[in-house]
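Residues per chain, in single letters:
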Amino acid sequence: MARDLKNTRNIGIMAHIDAGKTTATERILFYTGRTHRIGEVHDGAATMDWMEQEQERGITITSAATFTEWKYNDIIHQINIIDTPGHVDFTVEVERSLRVLDGAIATFCAVGGVEAQSETVWRQAVKYGVPRMGFVNKMDRSGADFFKVVGEVKEKLGANPVPLQIPIGAEETFKGVVDLISMKAIVWHDETMGAAYDIEEIPADMLEQANEYREKLVEAVAEQDEELMEKFFEDSDSITVEELNSVIRKATIAGDIVPMLCGSAFKNKGIQTLLNAVCAFLPSPIDVGAVKGFKPGTEEVIMREPEASEPLTALAFKIATDPFVGRLCFIRIYSGTLEAGSYVMNTRTGKKERISRLYQMHSNKQQPRDAVEAGDICAAVGFKDIRTGDTLCAVDKPILLESITFPEPVIGVAVEPKTQKDLDKLSNGLAKLAEEDPTFRVNTDEDSGQTVIRGMGELHLEIIIDRLKREFKVECNQGAPQVAYKEAITQSVDLRETYKKQTGGRGKFADIIVKVGPVDEGQSGLQFVNEVKGGNIPKEYIPSVEKGFKDAMVNGPLAGFPIENLKVNLLDGSFHPVDSDQLSFEVAGRQAFKNAASKAKPILLEPIMKVEIVTPDEYMGDIVSDLNRRRGQVESMDSKLGARVVKALVPLSEQFGYVTVLRTLSSGRATSSMEFAHYAEVPKNIALSVLENVKGRTDLL
């Protein structure tokens, strides 16, 4: 039976750590009949947190996918759900999930409101144009305030939140919501754990408030539609529920409004209304429309409609290793049909791959499928060479979708196996983990021969080492954390570089005149400008000079840290008709970089982190003076719910083990979150000690 695509929803639940994303997902699975027992995060029994590390820590590490069904308006809707992590070290999991989702539920804690990580995931959703609705969770906690959170969504996230419900009661008296569209009260029964509810008239003492918010809702929605606006001015009561619903849906999909709902997932309140709203207001693959791609190797744009009859277009957004099935690749299908046993083309490699099996995923369990159609999310087995962000397409109809960009790791740790015989197991385990996680890198330090693993933060690397121990049975010794420094040059230098080599047969010759300096504003990477006139260097050798510079930028002049940004003007040069070749000019480019960079006043750059600390008032002084000791710049100190929120920029090198120090300073009552902000110059005295540690000498600066 062909499914109607307009009844499919691909949604994700995104939020700050501890806002209740996984708890909400567990309830959704229970109420839609997918699970028969509610799994609790705090018991370590949540379905979606299936990794042992997730169950022990009560946090989500990998985004888990599942699917379920919900009957809305007598129509069965299929909902594919991805539960994403909230911890900043796993931002990449959120990033790649949002890339393939059609809509998202932004969950906020009714007490904490909009927190640091809420802002990060919101920015990511804006970047990919994902329509969102807000769910204010934990309405049963003391200090819960729905309207305050709505205000913060407007101020801090710059969104246009429109409440579709207002809570009846708050904290321990929270028992239901007023639905402002139908103007009825929905009251949950405590004795059935919130599974059953009654639709009643609005309580008399809330009628005035309900009318006020209904008026605001109608006005906000009418602003989005001219016909509705006219009706609103003539007689706002003549607007029907159907008209309201249809315009709210249109405005939500366009990203003009964010419908706001509330509930308490832990107490099972508000889940059914949330599911109804997902079906009513979030887009189906058809609403999202055609996916845009390019003809490989050209700028030609190709559009593919979300239909099963179109050529296959799909994106691999996650790779996971399953002990029983092997390497699972999670795929979002935008157009066409994918069949088990068929061949697909990987646009990145240009090679054909055979898909041996297809699965519909439910957390870490698989249900085999023969074929999966446009608009669906599935997992496939059988790829030889696949990476996150690869486009998969029909063999005879190639297309390239925009890949997913990942942030660079900022922290590294040297690891070695405890016994020599585990060496192969370690490299095998690290290779598999690096394949799964694009923000995790492994490399060998050329000077010391050590294996260095790099990631997004201390927790990220801690989990990796834990997984090596459990999944790959490798015990590791690890070194002290290292910061991923970079280098930059601050002045321009003119230089003539001649490379000559005379051997028995043909010699080598290249001669270039270059100006090497910092990049122009707004540019990044290697900015290469060819100014050679009149064929003094033949055209075919120019790219070799550029390649020489590009390869050499990996090792900066101070301590071998990479130089990210550089401008090179190739002014002039000469060649020898017999001895010159591409390799000679490449070597000349490399040597020119080495000689020029050391003369161009090089400096060391370090990662600066954005730190947010929430603390009771009385520890404020100690925490701020500790941040100053760590070379931190305090940007703001706000009050929020009897606590103070300190935002600061602090160098990563000063932040190792900070969580423990913060606990000590605040008797365990303060919390902090940290994410990468930018790179900045290292003060000279600290740069000297870094160079002494790395190179054993300080005469380089």
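These figures come from a predicted structure and were not determined experimentally.

Caption draft 1: Here's a closer look at the overall build of the protein chain. Each helix and strand in the protein chain was counted, giving 17 helices and 38 strands. Counting all 701 residues of the protein chain, 53% fall into the buried class. By sequence separation, contacts in the protein chain at least 24 residues apart represent 70% of the contacts at least 6 residues apart.

Caption draft 2: The packing of aromatic side chains, seen in detail. Tallied over the full model, the rule gives nine aromatic pairs. Seen in terms of ring centroids, phenylalanine 108 and tryptophan 122 are 6.4 Å apart; in terms of plane orientation they differ by 40°. Their pairing is tilted. Taken as a pair, phenylalanine 108 in strand 4 (residues 103–109) and tryptophan 122 in helix 4 (residues 116–127) lie far apart in primary sequence, 14 residues in all. Each member of the pair phenylalanine 108 and tryptophan 122 is classed as buried. Each residue in the set Phe146, Phe147 and Tyr213 is aromatic and connected to the rest through ring pairs, giving one cluster. One cation-aromatic arrangement involves lysine 216 over tyrosine 213; the distance from NZ or CZ to the ring centre is 4.4 Å.

Caption draft 3: Structural context of the state of the cysteines. Within this structure, the stated rule accounts for zero disulfides. Counting only cysteine sulfurs, cysteine 378 is the nearest neighbor of cysteine 329, a cysteine outside any disulfide, at a range of 8.4 Å. Residue classification places cysteine 329 among the buried residues on the basis of a relative accessible area of 1%. Cysteine 378 sits in the buried class, given a relative accessible area of 2%.

Caption draft 4: Region of interest: the sheet that holds strand 9 (residues 184–188). Within the open sheet, the four strands sit side by side as 7-8-9-10. Their pairing is antiparallel. The sheet is open, and its two borders are formed by strand 7 (165–168) and strand 10 (197–200), each paired with just one other strand. Adjacent strand axes in the sheet meet at a mean angle of 25°, parallel and antiparallel pairs treated alike. Here four bridges tie strand 9 to strand 10, and the two strands are oriented antiparallel to one another. What sits directly across from tryptophan 188, in strand 10, is tyrosine 197.

Caption draft 5: Representation of the side chain of aspartate 225. The residue aspartate 225 is located in the loop between helix 6 (207–222) and helix 7 (226–235) in this model. Judged by relative accessible area, aspartate 225 falls into the buried class, the value being 16%. Of the polar contacts made by the side chain of aspartate 225, one reaches the backbone nitrogen of glutamate 227; its length is 3.2 Å.

Caption draft 6: Broad picture of the packing of helix 11 (residues 423–436) against helix 12 (residues 458–471). Where helix 11 contacts helix 12, the axes come no closer than 10 Å and their chain directions differ by 130°. Taken together, the axes of helix 11 and helix 12 are oblique relative to one another. For the pair helix 11 and helix 12, the crossing hand works out as right-handed. Counting all contacts with helix 11, which are made through Leu426, Gly429, Leu430, Leu433 and Glu436, the residues of helix 12 involved are Ile464, Arg467 and Leu468. Considered class by class, the residues forming the contact of helix 11 with helix 12 number five nonpolar, one polar and two charged.

Caption draft 7: Up close: helix 11. Taking 1.5 Å as the rise per residue, helix 11 with 14 residues should run 20 Å; its terminal C-alpha atoms sit 20 Å apart, in good agreement. Buried residues of helix 11: Leu426, Gly429, Leu430, Leu433 and Glu436, and no others. Summarising the axial view, the buried residues of helix 11 lie within an arc of 120°, below the 170-degree limit, and thus occupy one face.

Caption draft 8: Just the environment of isoleucine 489, in detail. Residue position: isoleucine 489 is located in strand 30 (residues 486–489). The spatial distance from the C-alpha of isoleucine 489 to the C-alpha of isoleucine 563 is 8.1 Å, given a sequence separation of 74 residues.

Caption draft 9: Geometry of the pattern of salt bridges. All told, the structure shown has 25 salt bridges when counted by the stated rule. With its nearest N and O atoms 2.6 Å apart, the salt bridge here joins aspartate 511 to arginine 496. Of the two residues, aspartate 511 sits in strand 32 (residues 508–517) while arginine 496 sits in strand 31 (residues 493–501), which places them 15 residues apart along the sequence. Of the charged contacts in the structure, one is a salt bridge between arginine 631 and glutamate 654, with a shortest N-O distance of 3.0 Å. With arginine 631 in the loop between helix 15 (620–629) and strand 36 (633–640) and glutamate 654 in the loop between strand 37 (643–651) and helix 16 (658–665), the pair connects residues that are 23 residues apart, well separated along the chain.

Caption draft 10: Spatial organisation of a negative patch on the surface. A contiguous patch of negative charge, built from Glu215, Glu219, Glu223, Glu226, Glu227, Glu230, Glu234, Asp235 and Asp237, is present on the exposed surface. If you list the elements that add at least two residues to the negative patch, you get helix 6 and helix 7. Counting residues per element, the negative patch draws most heavily on helix 7, which supplies five residues. Within the element layout of this structure, aspartate 237 appears in the loop between helix 7 and helix 8 (241–253).

Caption draft 11: Local environment of the environment of lysine 610. Assignment of secondary structure puts lysine 610 in strand 35 (residues 602–616). Spatially, the C-alpha atom of lysine 610 lies 4.8 Å from that of leucine 649, the residues being 39 residues apart in sequence. Once residues lying within four places of it in the same chain are set aside, the contact partners of lysine 610 are Arg123, Ala648, Leu649, Ser673, Met674, Glu675 and Ala677.

Caption draft 12: Examining the pairing of strand 4 more closely. Burial analysis of strand 4 places seven of its seven residues in the buried class, the great majority of the element. Alternating residues of strand 4 divide into Gly103, Ile105, Thr107 and Cys109 and Ala104, Ala106 and Phe108, and every residue in both groups is buried.

Caption draft 13: View of helix 13 (residues 542–552). Among the residues making up helix 13, those that are buried are Ile542, Ser544, Val545, Gly548, Phe549 and Ala552. Packed against the buried residues of helix 13 are strand 32, strand 33 (526–530), strand 34 (566–574) and helix 14 (582–599).

Caption draft 14: Representation of the sheet that holds strand 13 (residues 301–304). Overall, antiparallel pairing links the three strands, which are arranged 13-12-24 in an open sheet. In the strand order of this sheet, the two ends are held by strand 13 and strand 24 (400–401), each with one partner. Here two bridges tie strand 12 (residues 291–294) to strand 24, and the two strands are oriented antiparallel to one another. Its bridge partner lying in strand 24, glycine 293 is registered against leucine 401.

Caption draft 15: Structural context of the nonpolar core. The biggest cluster of nonpolar side chains holds 49 residues, and the ones touching the most others in it are Ile79, Ile105, Met133, Val178, Leu217 and Ile248. Among the elements that make up this core, the one with the highest residue count is helix 9 (residues 271–281) (eight residues). If near-sequence neighbours (up to four positions away) are discounted, isoleucine 105 is found in contact with Ile11, Gly12, Ile13, Met14, Met133, Phe135, Leu274 and Val278.

Caption draft 16: Quick peek at unusual backbone geometry. Although it is not a glycine, lysine 473 adopts a positive phi angle of roughly 55°. Tracing the sequence through the fold places lysine 473 in the loop between helix 12 and strand 28 (476–478). Of note, lysine 601 is a non-glycine position whose phi angle comes to about 50°, a positive value. Residue position: lysine 601 is located in the loop between helix 14 and strand 35.

Caption draft 17: Inspection of the confidence of the model for the protein chain at higher detail. For the protein chain, per-residue confidence averages 83 on the pLDDT scale, and 88% of positions sit at 70 or higher. Segment residues 36–51 is flagged for pLDDT under 50; beyond a separation of four residues in sequence, or across chains, it makes 54 contacts in the model. Note on residues 57–63: pLDDT is under 50 here. Beyond four places in sequence and across chains, it has 38 contacts.

Procedures and definitions
Residues numbered from 1 in each chain as written. Predicted model: local features only at pLDDT ≥ 70, side-chain atom pairs only at ≥ 80, totals over all residues. Heavy atoms only, no water. Helix = DSSP H or I, 4+ residues; strand = E, 2+ residues; numbered from the N terminus. Buried < 20%, exposed > 50% of the residue type's maximum accessible area, 1.4 Å probe, protein only. Contact = heavy atoms within 4.5 Å. Phe/Tyr/Trp six-rings, centres within 6.5 Å; stacked < 30°, edge-to-face > 60°. Lys NZ or Arg CZ within 6 Å of the ring centre and 35° of its normal. Disulfide = S-S within 2.5 Å. Pairing = 2+ DSSP bridges. Axes fitted to C-alpha atoms, helices over the stretch in contact; angles between N-to-C directions. Polar contact = N/O pair within 3.5 Å; in protein donor to acceptor, adjacent residues only side chain to side chain. Parallel < 35°, antiparallel > 145°, perpendicular 65-115°, else oblique. Left-handed = near helix turned anticlockwise from the far one by under 90°. Nonpolar A, V, L, I, M, F, W, Y, C, P; charged D, E, K, R; others polar. Expected span 1.5 Å × (residues − 1). Arc of directions from axis to C-beta. Salt bridge = Lys/Arg side-chain N within 4 Å of Asp/Glu carboxyl O. Patch = residues over 30% accessible without salt bridge, like charges linked within 9 Å, V, L, I, M, F, W, Y side chains within 5 Å. Areas by Shrake-Rupley, 256 points an atom, 1.4 Å probe, with all protein chains shown as cover. Lys, Arg positive; Asp, Glu negative; His and termini not counted. Charge placed at Lys NZ, Arg CZ, Asp CG, Glu CD. Core = buried A, V, L, I, M, F, W, Y, C linked by side-chain atoms within 4.5 Å. pLDDT = per-residue confidence, 0-100.

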